Amino acid sequence: MRAALTRGRSVMDVVDVPEPDGADARGLLVRPDAVGLCGSDFHYFHGDIGLTDDPDDLYPRIQGHEFSAIVEDVGPDCPTGFAAGQRVAVWPVSACGRCRCCRIGRENACENISLIGIHVDGALQELLRVPAHQAFPVAVEEPALAAFVEPMSIAVRTVVRGRVEADEHVLVLGAGPIGQAVAIAALDRGARVLLVDRVAERLERSACGADLALAADGDDLATRAREWTGGELPEVVIEATGAKEPMRLSLDLVAAAGRVVVV
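Residues numbered from 1 in each chain as written. Predicted model: local features only at pLDDT ≥ 70, side-chain atom pairs only at ≥ 80, totals over all residues. Heavy atoms only, no water.

### Considerations on the environment of A207
With respect to the element layout, A207 can be found in the loop between helix 6 (200-204) and strand 12 (211-214). It is 14 Å that separates the C-alpha atoms of A207 and D188, two residues lying 19 residues apart in sequence. (Helix = DSSP H or I, 4+ residues; strand = E, 2+ residues; numbered from the N terminus.)

Here it is as structure tokens:
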């Protein structure tokens, strides 16, 4: 399956593509068994992200960057620890290793970033090659849960960068999949979490154990946050909506000397 940009709009076609005949020397040949679809897939499909001066550089493209897979073949120069039949989760980001972001350890912000499913073909196909250093063996029987390792890694990175500690109050704006994952990661570190969203259905799906708050236009979230903590603003605010208004609001909701993380 590949997404193709045609006459200024995206269409999805199911097509036959040649199957790779084996793994690269330092890579794996894998068979995807669960593929997630995230917001960036939707935006890429509509041509809102990832474009270069020439869209033909990116389209047509087989999408799929959140996935788990079964190893079919192991390249002869791969690190030890991989074997045929093994389930792996895949980190889709490949960084250049040379730009400033890479030099300071922020490969996720690489200026020359390449993502499986956006810059190279992704997991919505029966077989694909992946570099061994982007695959991680997982002892998880459920394929969909293994595929969730990629978005969950974003949440773990978030709470680490936010220095979330036990008994702190963490306010998470946005109860989509990333916000829910951040709540799980913060709770795992022993924090108290308030998950806020304007869409009731998102909060109703939450089963992570966080406190929940449905917001509406005109709500005084700072007052609600103080009521939740018992008087003070929360030490950490995580913005997980991607919208400008909550990003700005985060600064008014965090305690003095607190931390704001925009995911």
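### As for helix 7 (residues 221-229)
Considered for burial, the residues of helix 7 that qualify are L221, A225, W228 and T229. One side of helix 7 holds all its buried residues, which, seen down the axis, span an arc of 90°. The inward-facing, buried residues of helix 7 abut strand 10 (169-173), strand 11 (192-197), strand 12 and helix 8 (244-253). Two or three places before A222, at the start of helix 7, stands the capping residue D220, its side-chain oxygen 3.3 Å from that residue's backbone nitrogen. Following helix 7 by one or two positions, G230 has its phi on the positive side, about 100°. (Buried < 20%, exposed > 50% of the residue type's maximum accessible area, 1.4 Å probe, protein only. Arc of directions from axis to C-beta. Contact = heavy atoms within 4.5 Å. Polar contact = N/O pair within 3.5 Å; in protein donor to acceptor, adjacent residues only side chain to side chain.)

### Quick look at the pairing of strand 10
Taken across its five residues, strand 10 has five buried, putting it largely inside the fold. Alternating residues of strand 10 divide into H169, L171 and L173 and V170 and V172, and every residue in both groups is buried. Relative to strand 11, strand 10 runs parallel, the two sharing five bridges. Considered in strand 11, the bridge of V170 is made with V193. For the crossover from strand 10 across helix 5 (residues 177-188) to strand 11, the handedness is right-handed. Bridge count for strand 10 against strand 13 (residues 236-239) is four bridges, and the pairing is parallel. Note on strand 13: the bridge partner recorded for V170 is V236. (Pairing = 2+ DSSP bridges. Right-handed = clockwise from strand over helix to strand, strands pointing away.)

### Here's the deal with the sheet that holds strand 8 (residues 128-131)
Strand order in this open sheet of five strands is 8-3-4-5-9, and the pairing throughout is antiparallel. The sheet is open, and its two borders are formed by strand 8 and strand 9 (135-137), each paired with just one other strand. Strand-to-strand, the axes of this sheet are offset by a mean angle of 50°, without reference to chain direction. Where strand 4 (residues 66-74) lies against strand 5 (residues 87-90), three bridges are found, and the strand directions are antiparallel. Directly across from I70, in strand 5, lies its bridge partner R87. (Axes fitted to C-alpha atoms, helices over the stretch in contact; angles between N-to-C directions.)

### Things to note about the nonpolar core
Membership of the largest hydrophobic core comes to 20 residues, with the highest contact counts inside it found for V164, V170, V172, A186, V193 and I238. Mapped by element, the contributors of at least two residues to this core are helix 4 (149-161), strand 10, helix 5, strand 11 and strand 13. Other than its neighbours up to four places away in sequence, V193 contacts V170, V172, A183, A186, L187, A210, D211 and W228. Within the second largest apolar cluster, 15 residues are counted, among which are A69, V71, V90 and V130. (Core = buried A, V, L, I, M, F, W, Y, C linked by side-chain atoms within 4.5 Å.)

### A look at the packing of helix 4 against helix 5
Two elements in contact, helix 4 and helix 5, have axes whose closest approach is 8 Å; the angle formed by their N-to-C orientations is 55°. Viewed along their axes, helix 4 and helix 5 adopt a mutual orientation that is oblique. In the packing of helix 4 onto helix 5, the handedness of the crossing is right-handed. Contacts between helix 4 and helix 5 pair P151, M152, I154, A155, V156, T158 and V159 from the former with I178, A181, V182, I184, A185 and A186 from the latter. Looking at the contact of helix 4 with helix 5 residue by residue, the class counts come to 12 nonpolar, one polar and no charged. (Parallel < 35°, antiparallel > 145°, perpendicular 65-115°, else oblique. Left-handed = near helix turned anticlockwise from the far one by under 90°. Nonpolar A, V, L, I, M, F, W, Y, C, P; charged D, E, K, R; others polar.)

### Some points on the environment of D24
Residue placement: D24 occurs in the loop between strand 2 (9-13) and strand 3 (27-36). The exposure class of D24 is partly exposed, given its relative accessible area of 42%. C-alpha separation for the pair D24 and R129, spaced 105 residues apart in sequence, amounts to 7.1 Å. D24 has contacts with G75, P76 and R129, leaving out every residue within four places of it along the chain. One polar contact links D24 to R129, side chain to side chain, over a distance of 3.4 Å.

### Brief notes about the sheet that holds strand 11
Taken together, the five strands give an open sheet; going across it, the order is 12-11-10-13-14, and neighbouring strands pair in parallel fashion. Bordering the open sheet on either side are strand 12 and strand 14 (259-262), each of which pairs with just one other strand. The average undirected angle you get between the axes of adjacent strands in this sheet is 20°. Docked against the sheet, helix 8 engages strand 10, strand 13 and strand 14, running at close to 175° with respect to strand 13.

Limitation: the analysis is restricted to geometry and does not speak to function.
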